[in-house]
Amino acid sequence: MSIATIVLGESGTGKTYSLRNLDPAQTLLIQAVRKPLPFRATGWARMDREKKQPGNIFVSDFSARIINLMQKTSRKIIVLDDFQYVLANEFMRRSNERGFDKYTEIGRHAWDILTVANNLPDDVRVYILAHTQNDDYGRVKMKTIGKLLDDKITLEGLFTIVLRTVVTDRRFQFSTINNGSDTVKAPPDMFPDQLIDNDLAAVDACLCDYYGISTTQAPAV
């Protein structure tokens, strides 16, 4: 099975910026919301369907499309950015629907994506980037669309590794150890420190070393 990781943080705390050192030739970026990258994007290209131009950046917030992209790519690193908008955008599209069935369906669509993210080939690494929110007890968790969804599924519970952004004195880092009030978790001997640079390439290297995943590059499509 693939190794899937959640990266949580408020807007502007370095989640998308952490992609800057990933190899674009080996990475598929799926954006739930179309936006420019916050770094010099050499080697990154957005797919243009009309001009039939290939690329490694795709924009979609539809679960079936996202799943199809993840299952068909030969790239070994997959990043799904702004995952909370997969939930929020579907909720807004269906805002005129009455009743609670839509919450169950939205939750199922999110569960489908995360289940596939954990069940790709063994050498694939998937990174789910999402915003945070505080629950009624002040605990920091992944942002969803409310209690009706949270009561049905604990998204972080599907993952072994959950990182969280930390910004101190203009230094952007990831927290690797739970502070008692968030959902951060990782094998205790996976990362060198409690706080590490917010560099997904370095995180990916730690994961590959820990799980014995070969990083020999192959042509990506």
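Residues numbered from 1 in each chain as written. Predicted model: local features only at pLDDT ≥ 70, side-chain atom pairs only at ≥ 80, totals over all residues. Heavy atoms only, no water.

The protein chain carries the name AAA family ATPase in an unreviewed UniProt entry, which gives Chitinimonas arctica as its organism.

Student: Explanation requested: the nonpolar core in the structure shown.
Tutor: Nonpolar side chains in soluble globular proteins generally cluster together in the buried interior. One finds Ile30, Met70, Ile78, Phe83, Ile113, Val126 and Ile128 to be the most contacted residues of the largest nonpolar core, which totals 34 residues. Within the residue set of this core, elements represented by two or more residues are strand 1 (3–8), strand 2 (27–31), helix 1 (63–72), strand 4 (77–81), helix 2 (84–93), helix 3 (101–117) and strand 5 (125–130). With seven residues, the top contributor of residues to this core is helix 3. Those residues within four positions of valine 126 in sequence are excluded, and the remaining contacts are Ile3, Ala4, Thr5, Ile78, Ala117 and Leu120. Judged by nonpolar contacts, the second largest core, of 24 residues, contains Ile77, Ile161, Leu163 and Leu207. (Core = buried A, V, L, I, M, F, W, Y, C linked by side-chain atoms within 4.5 Å. Buried < 20%, exposed > 50% of the residue type's maximum accessible area, 1.4 Å probe, protein only. Helix = DSSP H or I, 4+ residues; strand = E, 2+ residues; numbered from the N terminus. Contact = heavy atoms within 4.5 Å.)

Student: Looking at this structure, I do not really get the pairing of strand 2. What am I missing?
Tutor: A regular strand places its side chains on the two faces of the sheet in alternate fashion. With five of its five residues buried, strand 2 lies for the most part within the structure. Side chains Thr27, Leu29 and Gln31 of strand 2 all project onto a buried face; the interleaved residues Leu28 and Ile30 project onto the opposite face, where all are buried too. Inspection of the sheet shows strand 2 paired to strand 4 by five bridges, in the parallel sense. Pairing of threonine 27 across the sheet is with isoleucine 77, part of strand 4. Pairing geometry for strand 2 and strand 3 (residues 57–59), over three bridges, is parallel. (Pairing = 2+ DSSP bridges.)

Student: Honestly, the pairing of strand 5 in this entry has me stumped. Any pointers?
Tutor: For strand 5, the buried fraction is high: six of the six residues fall into the buried class. On strand 5, burial covers both faces: Arg125, Tyr127 and Leu129 on one face and Val126, Ile128 and Ala130 on the other are all buried. The sheet contact formed by strand 1 and strand 5 spans six bridges and is parallel. Paired with valine 7 across the two strands is leucine 129, which belongs to strand 5.

Student: Would you mind going over the sheet that holds strand 8 (residues 161–168) with me for this structure?
Tutor: Strands in a sheet are paired, the pairing made by backbone hydrogen bonds, and the direction either parallel or antiparallel. Read from one edge of the open sheet, eight strands run 3-2-4-5-1-8-9-10, paired in mixed fashion. Two strands close off the open sheet at either side, each with one partner strand: strand 3 and strand 10 (195–197). Each strand axis lies, on average, 25° off the axis of its neighbour in the sheet, ignoring direction. Each of strand 1, strand 4, strand 5, strand 8, strand 9 (171–175) and strand 10 is contacted by helix 5 (residues 200–211), which is oriented at about 140° to strand 5, the strand it contacts most. (Axes fitted to C-alpha atoms, helices over the stretch in contact; angles between N-to-C directions.)

Student: Help me out: how do you make sense of unusual backbone geometry in this one?
Tutor: Where the residue is not glycine, phi is negative for most of them; where a peptide bond is considered, it is trans in most cases. Residues other than glycine seldom take positive phi values, yet aspartate 169 does so here, at roughly 50°. Relative to the helices and strands, aspartate 169 is located in the loop between strand 8 and strand 9. Judged by relative accessible area, which is 76%, aspartate 169 ranks as exposed. Positive phi, close to 65°, is recorded for arginine 170, a residue that is not glycine. Positionally, arginine 170 belongs in the loop between strand 8 and strand 9.

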